[in-house]
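Single-letter residue listing:
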Amino acid sequence: MKTNIVSTASGKANVSALFFVKKSVQFSNVLSENAEKQVESVLDGMKDGPFEDLELLEIDGQSTIFVDAAKERGLSNLDHLRMAAYRLAQKASKRQIPMVSIMLADAAPEQLKSILHGLHYADYKFDAYKSKQKEAYQVTFEIVAGEQAAAFKKIAQEVAIEQKAVILAKNLINTCASDLYPAEFVENANTIAKYTPGLSIKVRNIKQLKKEGFMGLVTVGKGSSHEPYMVTLSYDGTKSAKGKGTAKNARTSSDHLVLVGKGLTFDTGGLCLKPPKSMPEMISDMSGAATVLAAIQAIATLELPIKVSAVCCLAENAIGNKSVLPGDIFKAKNGKTVMVDNTDAEGRLVLSDGLAEAGEIGATHIVDIATLTGAMVRALGYAVAGFFSNDDDLALKVINCGEACCEKFWSMPLEEEYADALKDKFADLKNTGSDAGAIAAALFLQEFVPENTAWTHWDIAGTAFVTKQWKYTEHGATGFGVQTLIELARRMSKANNEGTENDAIVCEDEYKVC
Ligand code: BES
Ligand code: ZN
Ligand code: ZN
């Protein structure tokens, strides 16, 4: 897929695409009077029966494809556009149409962004393990942008960077666990750091982890022949040369956003073995780490004027003669002792180290992201991620950024009434708690959040990986969270540089989705 942003149509397109909602066409101010009449009568005909989505008709001498931008249930207007563009791109590729034009001169920037994301999603396939790779037909999309061409080109570049990150995360997540063990993830992170200007990397191996007391990772990784690692990537966009769009008189911000990702390259459950049915999906248990790696790559490439770090907590939860035993007690990095009640509740143990590392490197804001609990899958399913936060401002930002990126977040309570259930007889804490499993896990994590730090925990157990088609994802990794993390960094950097901390205002001005 290729996109050309042009001010006026080149006349070379084989097909024009029109997006419609119910009976009206979106982005219609470029249609001739004659075309408008024909389109009107086509859409009017809908009352005689369901109108075919993706129907190809002749309008004013131009072959025109009609795309329904309100087809699915429960999606926002922006997500409808993503879906419409996704289906359009699939159809165009299948029908081998060389060039499709989309008239978007009167589209808002966020609408263009959604359409471009939708087109990109249609391009993704994961066929690394197929014996034969099929070449997809390359369609060129000509985006007719009128006076907005320059602004739209910039958006198209940003979308391409964001999509590159989404693809990186998806590829890592979809790769077999025997091919992507912790050391191999580290190799990938090293390569990303090497080729991304402004991104530095620090890798801790088992020896360093033990020496520095990162015992969550050491404990969880004990049973595997693949040793655990911690990777910390850092980017500082507040330094002079960096940070495109840094206002001249920008307030120097002391914000440091640290992203912490759960990176279980496979989760057998350990000695508290998982049932076979739910095990293959555990190749996705490193989604958090893949997401934060991908997000920081994009944030650095976009040169956002903010300081961001990403901590990947990498281990394999396997069974071996050295595996952690239920009842074992270890001392976490912050000095608290933890009894391992259930070896399958391993994510919170490695994240305790990630949160400690975030504190050590001076985080002011922490987002941890993890495929943490089956309880969250049962509560919210695959379409909505549950999140927790100790800071109302940050929580509002999560919701708004998610909405702008068509990723749904639902606020969950850090319910203190359940906190006592984490207490252990011998140790300070145990790694299981109340029946409200997702809340218990979040309360456990809260015990390791550095003092005076705004923190949010995203449980993406349901949203990271799907086993049937969901929106623009076929079976496999969805890339959920990558875009919202980038958007969060973008809005935090804007608030820093434009002197507004008010997310509601930023949201209203920019996206009109509040
Ligand atoms: N990786 C799993 C959570 C998970 C479940 C992710 C389904 C994706 C899909 C996690 O390590 C886990 O097994 N959690 C346990 C915790 C329990 C033993 C307290 C769970 O949720 O069952
Ligand atoms: Zn587990
Ligand atoms: Zn897990």
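Going by the structure above, here's the rest.
Predicted model, so just to flag it, every value in this text is computed and none were measured. Along each chain, residue indices are assigned from 1 in the same order as the chain's sequence is written. Ligands are numbered from 1 and chains lettered from A, in the order in which they are written. Reporting of local features is limited, given that this is a predicted model, to residues whose pLDDT is at least 70; pairs of side-chain atoms are given and counted only at 80 or more, and all residues count toward the totals for whole chains, interfaces and linings. Where side-chain values are given, they derive from all heavy atoms of the structure, hydrogens and water being excluded.

**Description of a negative patch on the surface**
Without a salt bridge and with relative accessible area above 30%, a residue can belong to a patch; like charges are then joined within 9 Å and nonpolar side chains (Val, Leu, Ile, Met, Phe, Trp, Tyr) within 5 Å. Per-residue and other accessible areas follow the Shrake-Rupley method at a 1.4 Å probe size, with only the shown protein chains counted as cover for residues. Any Lys or Arg side-chain nitrogen found within 4 Å of a carboxyl oxygen on Asp or Glu counts as a salt bridge. For the purpose of counting charges, residues Lys and Arg are taken to be positive, whereas Asp and Glu are taken to be negative. His and the chain ends are not included. For the purpose of locating charges, the reference atoms are NZ of Lys, CZ of Arg, CG of Asp and CD of Glu. A cluster of acidic residues, E33, E36, E40 and D44, forms a negative patch at the surface. For D44, the position within the fold is in helix α1 (residues 33-44). In this description a helix means any DSSP run of H or I spanning at least four residues, a strand means any run of E spanning at least two, and both kinds are numbered starting from the N terminus.

**Topic: the site of ligand 1**
In the vicinity of ligand 1 there are 17 residues, among which D267, K274, D285, D344 and G374 approach most closely. Within the side chain of D344, a nitrogen or oxygen atom sits 2.8 Å from an oxygen atom of ligand 1. Polar contact is the term for a pair of N or O atoms within 3.5 Å; when the atoms are in protein, one must be able to donate a hydrogen and the other to accept it, and sequence-neighboring residues count only if both atoms are side-chain atoms. Within the backbone of T371, an N or O atom sits 3.4 Å from a nitrogen atom of ligand 1. Burial of ligand 1 by the protein amounts to 80% of the accessible area it has alone, namely 520 Å². By convention in this text, a residue qualifies as near a molecule or strand provided that one of its non-hydrogen atoms is within 4 Å of it.

**Some remarks on unusual backbone geometry**
Backbone geometry at L54 places phi at a positive 65°, although glycine is not the residue there. By secondary structure assignment, the location of L54 is in the loop between α1 and β4 (55-59). Although it is not a glycine, N452 sits at a positive phi angle of roughly 55°. Examined against the element boundaries, N452 turns out to sit in the loop between α12 (437-446) and β18 (454-459). Exposure remark for N452: the relative accessible area of 79% places this residue in the exposed category. Type-normalised accessible area, obtained with a 1.4 Å probe on protein chains alone, sets the label of each residue: buried when under 20%, exposed when over 50%, and partly exposed for intermediate values.

**A few points about a nonpolar patch on the surface**
Side chains of L271, L273, I319 and L325 sit close together on the surface and give an oily, nonpolar patch of about 360 Å² of accessible area. Tracing the chain through its elements places L273 in the loop between β10 (256-267) and α8 (287-301).

**Concerning the environment of Y129**
Summarising the element assignment, Y129 is placed in the loop between α3 (109-123) and β7 (140-144). Its relative accessible area of 45% is what places Y129 among the partly exposed residues. Linking Y129 and T175, residues 46 residues apart in sequence, is a C-alpha distance of 8.9 Å. With sequence-adjacent residues up to four places away left out, Y129 is seen in contact with T175, C176 and D179. Looking at Y129, its side chain comes within polar contact range of the main-chain nitrogen of C176, at 3.2 Å. Of the polar contacts made by the side chain of Y129, one reaches the side chain of D179; its length is 2.7 Å. Throughout, a residue-residue contact means that at least one pair of heavy atoms, one from each residue, lies within 4.5 Å.

**With respect to the coordination of the zinc ion (ligand 3)**
A donor here means any N, O or S atom no more than 2.8 Å from the metal (3.2 Å for Na, K and Ca); water is not included, so a site may seem to lack partners. Bound to the zinc ion (ligand 3) are the protein donor atoms K262 (NZ), D267 (OD), D285 (OD) and E346 (OE), situated 2.0 to 2.4 Å from the metal. For the zinc ion (ligand 3), the six donor atoms in the first shell make angles of 76 to 171° at the metal, a pattern classed as octahedral. Between the zinc ion (ligand 3) and the zinc ion (ligand 2) the interatomic distance comes to 3.2 Å, and D267 is a ligand of both metals. Taken together, the residues span a long stretch of sequence, with K262 in strand β10 and D285 in the loop between β10 and α8 at a distance of 23 residues. The class of K262 is buried, set by a relative accessible area of 2%. A relative accessible area of 2% means that D285 is categorised as buried. In these descriptions, tetrahedral denotes four donors with every angle between 85 and 135 degrees, square planar four donors and octahedral six donors with opposite donors over 155 degrees apart and the rest between 65 and 115, and irregular any other case.

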